[in-house]
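This is what each chain is made of:
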Amino acid sequence: MRNVGIVGTGSYVPDKVLTNADLEKLVDTNDEWIITRTGIKERHMAPADMPVSELCYQAALKALEDAKVGPEEVDLVIVATVTGDHAFPSTSCIVADRLGAKNAAAFDLQAGCTGFIYGVATANQFIAAGMYKTVLVIGGETLSKIINWEDRSTCILFGDGAGAAVLQPVEEGYGFLSFELGSDGSGGKLLTQPAGGSRYPASQDTVEKNLHTIQMEGKEVYKFAVKIMGDVSVNVLEKAGLSKEKVDLLIPHQANIRIVEASVKRLGISPDKVVVNLDRYGNMSAASIPVALDEAIRAGRLREGDIMVMVGFGAGLTWGACVLKWTKVGKMHD
Ligand code: ACO
């Protein structure tokens, strides 16, 4: 089996910023409540005429440039999203076409906010097994389009954005060292956009009842997240045969600063090794981890040989984590 790593990243968020002060004009909330309960100060919003494929395309362009890979070299495009352009065709097909990735297979993957981790785990298998050499994994969301802007318990949490990574074979001992993925569908109702699919097809009734917007049992999701983020980080390190002292950088899903802090405490690593950008972006679901990854790399927070953990949880319910020994040097000759 080949070793597989991330050889390029990119990210993109729309220009428009929605601050907590802006939200105070929409619902009965305030800056202090939002910051204390979530850590979020502002988030980015896609304009009405911008679909998620545009965000994904922009992030992917940067990732390909960073990896010095041409679009026709890409063998597979995976887009992780819960806010695809359409029910079908897939957003990945739209993005592959726009990129000119004419030799690529393409599919979307849906694992809520864990989507990017599921995406890189899937891409890793294709490359490790020898079927493909270059896979583009994108996590992108336009959550602003499925928010109920009258529900103060959810509309303050989410933002729009996309992050992308190019995966290729790397030197032995580098790249992905372990994965941990899981699901528990019995918790599906805790976090859902109920209507628009085959159970509740779009109708006047579903629209009137706001069933095309995010419905969340915040407290239950919070309890689940705190436990699973800690547990899965511990397990994935154990699988890689590494102790927590070896971790140089932790990139957690950016849902809520209190969830991040609780999982960091459970894992027992120093907070200065943790990437946090939710104050500027809110929760971007499948885009959160790849945007944080791209920013961390561009800020010089990852060096050759560093051990990095990415961990997330999300709708489904789902969870996932991976450990990497960092290198950006691809090994394409075998
Ligand atoms: N502004 C002011 N008050 C508010 C707001 C708001 N925006 N939202 C809720 N409140 C009120 C509630 O009405 C409630 O008032 P009451 O006591 O009079 O009934 C009070 O604040 C406390 O509400 P709680 O829901 O108990 O607040 P909590 O401390 O649980 O924080 C939050 C809510 C931030 C949503 C938290 O539960 C949370 O972060 N949950 C996890 C959310 C999450 O990570 N979701 C994942 C999303 S998708 C994904 O990443 C997979």
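Preceding this section is the structure that the text describes.
Residues numbered from 1 in each chain as written. Predicted model: local features only at pLDDT ≥ 70, side-chain atom pairs only at ≥ 80, totals over all residues. Heavy atoms only, no water.

Undergrad: Sorry if this is basic, but what is going on with the site of the ligand here?
TA: Taken together, 25 residues lie around the ligand, and Thr29, Arg37, Cys113, Lys219 and Asn256 are the ones closest in. Contacts to the ligand include Arg37, whose side-chain N or O atom sits 2.6 Å from an oxygen atom. With respect to the ligand, the side chain of Arg258 contributes an N or O atom lying 3.4 Å from an oxygen atom. Summarising the interface, the protein chains cover 75% of the accessible area of the ligand, which totals 1000 Å² for the free molecule. Secondary structure elements with two or more residues in the shell around the ligand: helix 2 (31–38), helix 6 (152–155), helix 8 (218–240), helix 9 (257–267) and strand 12 (307–314). The leading source of residues in the shell around the ligand is helix 8, at four residues. Its residues placed into classes, the shell around the ligand shows 12 nonpolar, eight polar and five charged. (Near = heavy atom within 4 Å. Polar contact = N/O pair within 3.5 Å; in protein donor to acceptor, adjacent residues only side chain to side chain. Areas by Shrake-Rupley, 256 points an atom, 1.4 Å probe, with all protein chains shown as cover. Helix = DSSP H or I, 4+ residues; strand = E, 2+ residues; numbered from the N terminus. Nonpolar A, V, L, I, M, F, W, Y, C, P; charged D, E, K, R; others polar.)

Undergrad: I keep staring at the pattern of salt bridges and nothing clicks. Help me out?
TA: It is possible for side chains of opposite charge to pair when their charged atoms get near one another. Applying the stated rule across the entire model yields 11 salt bridges. Across the salt bridge formed by Lys328 and Asp66, the nearest N and O atoms sit 2.9 Å from each other. Of this pair, Lys328 sits in the segment after strand 13 (318–325) while Asp66 sits in helix 3 (residues 52–67), placing them 262 residues apart in sequence. For Lys328, a relative accessible area of 29% gives the class partly exposed. The residue Arg280 makes a salt bridge to Glu295 at a minimum N-O spacing of 2.9 Å. Of this pair, Arg280 sits in helix 10 (residues 278–281) while Glu295 sits in helix 11 (residues 288–298), placing them 15 residues apart in sequence. Shared partners join several salt bridges into a network, and the residues in it are Lys227, Asp231 and Arg266. (Salt bridge = Lys/Arg side-chain N within 4 Å of Asp/Glu carboxyl O. Buried < 20%, exposed > 50% of the residue type's maximum accessible area, 1.4 Å probe, protein only.)

Undergrad: Help me understand unusual backbone geometry, please; the structure alone is not making it clear to me.
TA: Both trends apply: most residues other than glycine have a negative phi, and most peptide bonds are in trans. Following Phe88, the chain continues into Pro89 via a peptide bond in cis, with omega recorded as 5°. Along the chain, Pro89 falls in the loop between strand 4 (76–80) and helix 4 (91–99). With an omega of -5°, the peptide bond between Gly316 and Leu317 qualifies as cis. Along the chain, the position of Leu317 falls in the loop between strand 12 and strand 13. Positive phi, close to 50°, is recorded for Ser285, a residue that is not glycine. In this structure, Ser285 sits in the loop between helix 10 and helix 11.

Undergrad: Before we go on, may I ask you to explain the packing of aromatic side chains in this structure?
TA: In this description, an aromatic ring pair is defined by two values, namely the gap between the centres and the angle between the planes. By the definition in use, this model includes four aromatic pairs. A centroid spacing of 5.0 Å and a plane angle of 25° characterise the contact between Phe176 and Phe179, whose relative ring orientation is stacked. The exposure class of Phe176 is buried, given its relative accessible area of 8%. The exposure class assigned to Phe179 is buried, which follows from its relative accessible area of 17%. Considering the side-chain rings of Phe224 and Phe313, the 6.1 Å spacing of their centres and the 80° angle between planes classify their relative orientation as edge-to-face. In this pair, Phe224 is assigned in helix 8 and Phe313 in strand 12, connecting sequence segments 89 residues apart. The pair Phe224 / Phe313 is uniform in exposure class, with both members buried. Among the aromatic side chains, those forming a connected cluster through ring pairs are Phe224, Phe313 and Trp319. Between the NZ or CZ atom of Arg98 and the centre of the ring of Tyr57, over which it lies, the distance is 3.8 Å. (Phe/Tyr/Trp six-rings, centres within 6.5 Å; stacked < 30°, edge-to-face > 60°. Lys NZ or Arg CZ within 6 Å of the ring centre and 35° of its normal.)

Undergrad: Can you walk me through the sheet that holds strand 13 in this structure?
TA: Within a sheet, neighbouring strands are paired by backbone hydrogen bonds and run either parallel or antiparallel to one another. The four strands lie next to each other as 8-13-12-11, forming an open sheet whose pairing is mixed. For this open sheet the edge positions go to strand 8 (175–183) and strand 11 (249–252), each flanked by a neighbour on one side alone. Mean inter-strand twist for the sheet, computed between neighbouring axes without regard to direction, equals 10°. Where strand 12 and strand 13 come together, eight bridges link them in antiparallel fashion. Considered in strand 13, the bridge of Val311 is made with Ala321. Sitting on the sheet, helix 8 touches strand 8, strand 11, strand 12 and strand 13, and the angle it makes with strand 12 is about 145°. (Pairing = 2+ DSSP bridges. Axes fitted to C-alpha atoms, helices over the stretch in contact; angles between N-to-C directions. Contact = heavy atoms within 4.5 Å.)

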